[in-house]
Structure formats: structure tokens, C-alpha cells
Amino acid sequence: GMVVVTDSDEIRQARKSMVELLLGNHPLDCPVCDAGGECELQDMTFSYGAAESKYIDIKSHRDEQQWSPVVYFDRPRCILCYRCVRVCGEAMDVWALGVDNRAVNSTIVPNKEDHLECEECGMCIDICPVGALTSGAYRYKTRPWEMKHVGTTCTHCADGCKTTLGVRRSDTGMEIVRGDNRDKSGINGDFLCIKGRYAFDFANHEDRLTQPLVRRNGKLAPATWEEAFALVGRRFKEIRDRDGGQAIGVIGSTRTTNEEAYLLQKFARVVLGTNNIDHHRTADLPAFAAAIHGKPNSTASMRDVYDAPAILLIGNDPTEQHPLLAWQIRNNVRLHNARLYVANSEEIKLHRQAVSFTQIPNDGYHEFVSFLAGPGSDGGGRPSPQKSWADLREKLLAEPKLVIIFGSEIFGNSIQSLTKFAAGIPGAKLICLADYANSRGAADMGLYPDLLPGYFAVSDGNKFREEWGSLPQKTGLSLPEMLEGAKSGALKALYVIGANPVGRLNVAPADLKNTFTVVQDMFLTETAALADVVIPAANAYEKSGTFTNT
Ligand code: SF4
Ligand code: SF4
Ligand code: SF4
């Protein structure tokens, strides 16, 4: 029956007095403060009308300090709300910020005397209600109202955070000056990691390709778009008509949109007549799709990770590879007392939140999952594991609504085993962690030599044939097989989009010398440097389309 009043004349007067106190030593440098226009203290002053102050003492000034490449601290602006200390410790589990001294002499301090050694996530800057903590990447560059705020999806991992890019006009066109999640919407709410917040400089990097290059007399030279397209079209047609589609390979990307991935595989199959199409695979998404086929509600969302009463994390290191997922797990444990079970070959950082950590050998994931699934699973022919695994299995079976998250260490039959194990737990759901921003989209859209969009086998493509006309039926070459084919001379042409197999797999330059190679990319990668034609590519922040998160 208690009634709580949050707005009355008395309350407004109390708040106004509090704002006056806060402004007592606060420098009124709003015209040059990065937080100007986005400052909670400014907003409170405006709301409560505390424009005049009773305090006439001289304000105590301290010089600004740089604590890291991204974190600057302006002590007089600090209102000692301790939000930064709490977000760094409780939510990020880094504990790099603290408070020195007491009462009015209190001050926020970094963990290493005069500097920070931390994860550089920028969450403390984001949560600071005033301009006491500012960002080295953004400070004094512009005013919030001079930017256009463009909501998009982060391109740096498969979690799919929303990031809002601050874009403004510059001498060279449009320039991204800031990344944050300004309106706290999207699946990530308050959160962005260091990558989503700061890693946008590739967009305006001076090394970006801006015009096509064509190899002439052994050297890549600038060409017009018309020249480049005419050459690519002519050579692809010649090779297809002379040697057949099987002489052409296509390597797609985990960073292009779903729409682009779909069109690329359709182009390969319908126009070039080849199933030689692949991408840099990590998670075994086809095996996961097959394992959950016909089982509705068997996959978990990021929201489930935040709400679930218990989580089993097998493999992966989300703090590094899936920062949003790690944030959701930490906050579920912190705020809802969720029970986290970690099984990993390394003592990953999240083991600090876990009620149970099971160290498994590097090559023991298959055995571990088979053990969980119980008799009848393929145990890899190994002897029975330790008692601790049996205890863990018993505990997990008693965890209704368990969310099971697994990394690319689990693949093939092990995914089937894990799904079988999940089926024995009421309400259990699974997440298969993919690695790159649109790994999931590349898989869903059929960038595979044996699978069409939606994971249909190429031999079972009648529905697609009805729509698209004739299609090659034979399984094509995988990415390593295409590179082998180029080396042996069987593959006459290779089209690579947003991928760098030469750099990643250390391919010898001579292997591609007899293959007409076309690369479409943002930069002159190791693969592009060996190509016959290089076509500049737009990045995800410069086009429209969709990504599918993990
Ligand atoms: S940048 Fe992140 S890790 Fe570093 S002090 Fe701030 S909140 Fe902590
Ligand atoms: S969040 Fe900002 S205002 Fe609050 S204590 Fe930290 S530095 Fe000071
Ligand atoms: S967690 Fe992943 S998607 Fe989110 S901001 Fe970081 S890199 Fe981007």
C-alpha cells in the first residue's frame, strides 16, 4: 500500500539544490566540452532551473590527465557518481577504476598510478553523465548536433550489436567520427566493446582502393570501371565456354551482406555454371542446421543469454571473440544469479563467473560432448572420462531452461550429440557461435560447394531449378581444393570477394600465376596484389543490406 512520490515541489527544490551543489566546483566550459549537448548535468540544470549559484568560492582547477589512448580524465568536471567505477568492475569485470580519498576530496583513479591498463572498451566514457571522461578518438573533433547519427550493425564479430555512427561532412566527403550506441537500442542496449566503438577508421583509411586496377605488363595499373568490367566479363565467358564452369572458382565473404552472398552464389551457379563456391568457414553451421531441423524453439537469443537460469559454455572465449555475449552472461550471473558452467581447454576469463569450470584437453571436446549425450553417442573410441564429468552431467540435467553455447571446437557429429543432450533437458536451447560479422549469413545463403541457400543439397535443388533454370548438380570444390586446383592448373579463373585466402593460408604467389584472378576488396590484400583485376569494394557502413548474427 506504500505510495512513492517522485515529483513534487519539495522534490524539485531538493533536486535543484543538489544540482547547484554539483555545479559548485564544476567548470562551466560547456561550449568546449565534448559532452555539451549530450550532458545529463546540462539537462538537469535546464530542467530544474539551477542557472544561478549561491556559491562564490573560487573553483579548484586540476589539469586534465590522459590515462590511455582512449580515456582522458578531467577531474573538475567529475560529479563523483561512481558509474564509471561500477561499470568497469561489476559489468565489465575489469576493475580498472577506483576511488581515492574521502568526501569532497574523493577522486576517480586509474589502476596503474597515472594510467590505465584495461580492456579499453570505452564503457566508462559512455556511462559518464558529464564530460569528465572523454574519448581520445573523438574529443574536440565536432559537436553532437553537427553529426548525422546513423544506426547500423557492427562489422567486427558475429554478435550483431547495434552501433550508431556519428557521420559528418569533411574535405574528403563524409567522415565517421564516432561510434556509440547513442539511443541504447538494439540487442546490445548499453553495451559496445572496443571494436564496435572505435574500429571504424578503415572506412576512411588512406590505403583504401578507390578505382579498379588491371594488370598490364606484369604490374597492376589504374583502369576505368568500364575497362575492368569488360575484361572480367570477357575472360569469365571465354573460360566458361571453353573449359566449363568447373574451371572457375568463387570465394565469398563472411563480411558481405546476406543479399550479396545470395546473389554471389546465384551468379556462380547460374551464370558461371559452377558449384565451386566457398568461404572462410569456422563454425559448422550446416551440421547445426541439420541437428535442429524440425525442432522449433531450440535456438537461444541474446535475450535468453541474459535471462536463462543456467548456461553451459563449451569452448570459445567470449570475452575476446563475442564481447556482447560475455556481457550478457556476466550480467545474468550478477543480476539474476544465473549458474554458469564453463567447459574449456583454457581458463578463460568467464571462469570467474562460473559455478563450475571443467578443463578439457584441447582435443577432448568431442569426447566431452559424447559423454554428456550418454550411451549410444559416438565417443570417438576413447576410454570413459573422469567422475567430474559425470557429476557435471548430473547437475546440467537438473537445470531446466539451460542455454547451451558452443564454439567452433564442436563440429560434425558432436553437434548432433549436443542436441541430443539438450533434448533431455526441459526448455533447453542452443547457440552455435559463428566467428565473423556475417558468418551465419554466408552459411544461410549457400556459400558452400555442396549446399544451396537454406542448406539444401546441390543434388536436391529442384525448387531452385524451377526458379533459376539449369544448375550444376555435382558438388563443387571447397576453398582449399580451389587453391589446389589453381596450383595444378585445373582452375582457370578465380573470383574472390572480401576474402584474403593468400594471406590467411600463406599461398605461394606462383600458385595463382596461371589462374585469371579477380579480387573485389577494400584494400590491396595479399590476394589482391596477385590478381589480374582488382575492383574496389564498399564496406558494410556504406551500403544497405542485412547481416544475421550468431
Ligand atoms: S575503458 Fe573499459 S576497461 Fe578501461 S577503465 Fe573504462 S570501463 Fe574499464
Ligand atoms: S562516471 Fe564521470 S562523473 Fe561519474 S564518477 Fe566517473 S568520471 Fe566522475
Ligand atoms: S560485441 Fe561484437 S558486434 Fe558487439 S560491438 Fe563488439 S565486435 Fe561489435
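This text follows the structure it describes.
In this text, all values refer to a predicted model and were calculated from it rather than measured experimentally. (Residues numbered from 1 in each chain as written. Chains lettered and ligands numbered in written order. Predicted model: local features only at pLDDT ≥ 70, side-chain atom pairs only at ≥ 80, totals over all residues. Heavy atoms only, no water.)

**Details of the overall build of the protein**
The number of helices and strands found in the protein is 19 helices and 20 strands. Structurally, the protein occupies a C-alpha span of about 90 × 65 × 45 Å along its principal axes. Taken over 550 residues, the protein has a buried fraction of 49%. Nonlocal contacts in the protein, meaning residues at least 24 apart in sequence, comprise 67% of its contacts between residues at least 6 apart. For the protein, the exposed surface amounts to about 26600 Å²; the carbon and sulfur share of it is 52%. Counting 60 positive and 68 negative side-chain charges, the protein places the averaged centre of each group 3 Å from the other. (Helix = DSSP H or I, 4+ residues; strand = E, 2+ residues; numbered from the N terminus. Buried < 20%, exposed > 50% of the residue type's maximum accessible area, 1.4 Å probe, protein only. Contact = heavy atoms within 4.5 Å. Areas by Shrake-Rupley, 256 points an atom, 1.4 Å probe, with all protein chains shown as cover. Lys, Arg positive; Asp, Glu negative; His and termini not counted. Charge placed at Lys NZ, Arg CZ, Asp CG, Glu CD.)

**Concerning the sheet that holds strand β14 (residues 339-344)**
Spatial strand order, β15-β14-β13-β16-β17: 5 strands in an open sheet with parallel pairing. Of all strands in the sheet, those bounded by a partner on one side alone are β15 (356-359) and β17 (429-432). The sheet shows a mean angle of 15° between the axes of neighbouring strands, direction not considered. Sheet topology places β14 next to β15; 4 bridges connect them, and they run parallel. Residue pairing across strands places tyrosine 341 opposite serine 356, the latter belonging to β15. Relative to the sheet, helix α14 (residues 413-423) contacts β13 (310-314), β16 (403-406) and β17, its axis offset from that of β16 by approximately 170°. (Pairing = 2+ DSSP bridges. Axes fitted to C-alpha atoms, helices over the stretch in contact; angles between N-to-C directions.)

**Let's talk about the layout of surface pockets**
Take a probe with the size of a water molecule and roll it over the atoms, and the empty space left behind shows itself. Reported here for the largest pocket is a volume of approximately 1000 Å³. Of all elements in the fold, only α3 (83-91), α4 (123-127), β5 (133-135), β8 (173-180), α5 (194-198), α9 (302-307) and α11 (323-336) reach the threshold of two or more residues within the lining of the largest pocket. Per-class residue counts for the lining of the largest pocket are 20 nonpolar, 9 polar and 15 charged. Of the volumes computed, that of the second largest pocket is approximately 810 Å³. Listed by contribution, the elements that provide at least two residues to the lining of the second largest pocket are α7 (258-271), β18 (493-497), α18 (501-505) and β19 (516-521). If you tally residues by element for the lining of the second largest pocket, the top one is α7, at 3 residues. Each residue belonging to the lining of the second largest pocket can be placed in one class, and the counts come to 17 nonpolar, 11 polar and 5 charged. (1 Å grid on protein atoms, 1.4 Å probe; cavity = no way out; pocket = protein on both sides within 12 Å on 5 of 7 lines; lining within 4 Å. Points joined across faces, edges and corners; volume = space filled by probe spheres on them. Nonpolar A, V, L, I, M, F, W, Y, C, P; charged D, E, K, R; others polar.)

**Structural notes on the nonpolar core**
In this structure, Leu97, Leu133, Ile329 and Ile405 are the most contacted members of the largest nonpolar core, which totals 56 residues. The greatest single-element share of this core, amounting to 6 residues, is contributed by α11. In this structure, Leu285, Ala287, Ala310 and Phe371 belong to the second largest nonpolar core, which totals 38 residues. (Core = buried A, V, L, I, M, F, W, Y, C linked by side-chain atoms within 4.5 Å.)

**Let's talk about the site of ligand 3**
If you check the shell around ligand 3, you find Cys154, His156, Cys157, Asp159, Gly160, Cys161, Leu192, Cys193, Lys195, Gly196, Pro323 and Leu324 and nothing else. The set of elements that each furnish at least two residues to the shell around ligand 3 consists of α5 and α11. Taken together, the residues of the shell around ligand 3 break down into 7 nonpolar, 3 polar and 2 charged. (Near = heavy atom within 4 Å.)

**Quick notes on the pattern of salt bridges**
By the definition in use, this model includes 31 salt bridges. For aspartate 29, the salt bridge goes to arginine 77, with nearest N and O atoms at 2.9 Å. Taken as a pair, aspartate 29 in the loop between α1 (9-23) and α2 (40-48) and arginine 77 in the loop between β2 (71-73) and α3 lie far apart in primary sequence, 48 residues in all. A salt bridge links aspartate 126 to arginine 197; the nearest nitrogen and oxygen atoms lie 3.7 Å apart. Here arginine 197 lies in helix α5 and aspartate 126 lies in helix α4, a separation of 71 residues in the sequence. Residue arginine 197 is classed as buried on the basis of its relative accessible area, which comes to 4%. A single salt-bridge network, built from bridges that share partners, covers Glu38, Arg178, Asp180 and Arg182. (Salt bridge = Lys/Arg side-chain N within 4 Å of Asp/Glu carboxyl O.)

**Points about the pairing of strand β10 (residues 219-222)**
Looking at chain direction, strand β9 (residues 213-216) and β10 are connected through 4 bridges and run antiparallel. Bridging from a neighbouring strand, arginine 216 pairs with lysine 219 of β10. Hairpin connection from β9 to β10: 2 residues lie between these consecutive antiparallel strands, with asparagine 217 at a positive phi of about 50°.

**Quick word on the packing of aromatic side chains**
In total, this model carries 13 aromatic pairs according to the counting rule given. Each ring, one from phenylalanine 236 and one from tyrosine 495, has its centre 5.9 Å from the other, and the planes form 55°; the classification is tilted. With phenylalanine 236 in helix α6 (residues 225-243) and tyrosine 495 in strand β18, this residue pair connects regions lying 259 residues apart in the sequence. With respect to burial, phenylalanine 236 and tyrosine 495 carry one shared label: buried. Relative to tryptophan 389, the ring of phenylalanine 371 lies with its centre 5.9 Å away and its plane at 65°, an arrangement referred to as edge-to-face. Residue phenylalanine 371 is found in helix α12 (residues 365-373), and its partner tryptophan 389 is found in helix α13 (residues 387-397); the two are separated by 18 residues along the sequence. Judged by its relative accessible area of 2%, tryptophan 389 falls in the buried class. (Phe/Tyr/Trp six-rings, centres within 6.5 Å; stacked < 30°, edge-to-face > 60°.)

**Considering helix α17 (residues 479-488)**
Every buried residue of α17 is listed here: Leu479, Met482, Leu483, Gly485 and Ala486. Mapping the buried residues of α17 onto a view down its axis gives an arc of 155°, with all of them on the same face. What points out from α17, more than 90 degrees from its buried face, is the exposed set Pro480, Glu484, Lys487 and Ser488. On its buried side, α17 packs onto β11 (248-251), β12 (277-278), β18 and α18. A positive backbone phi angle near 95° is found at glycine 489, which sits one or two residues after α17. (Arc of directions from axis to C-beta.)

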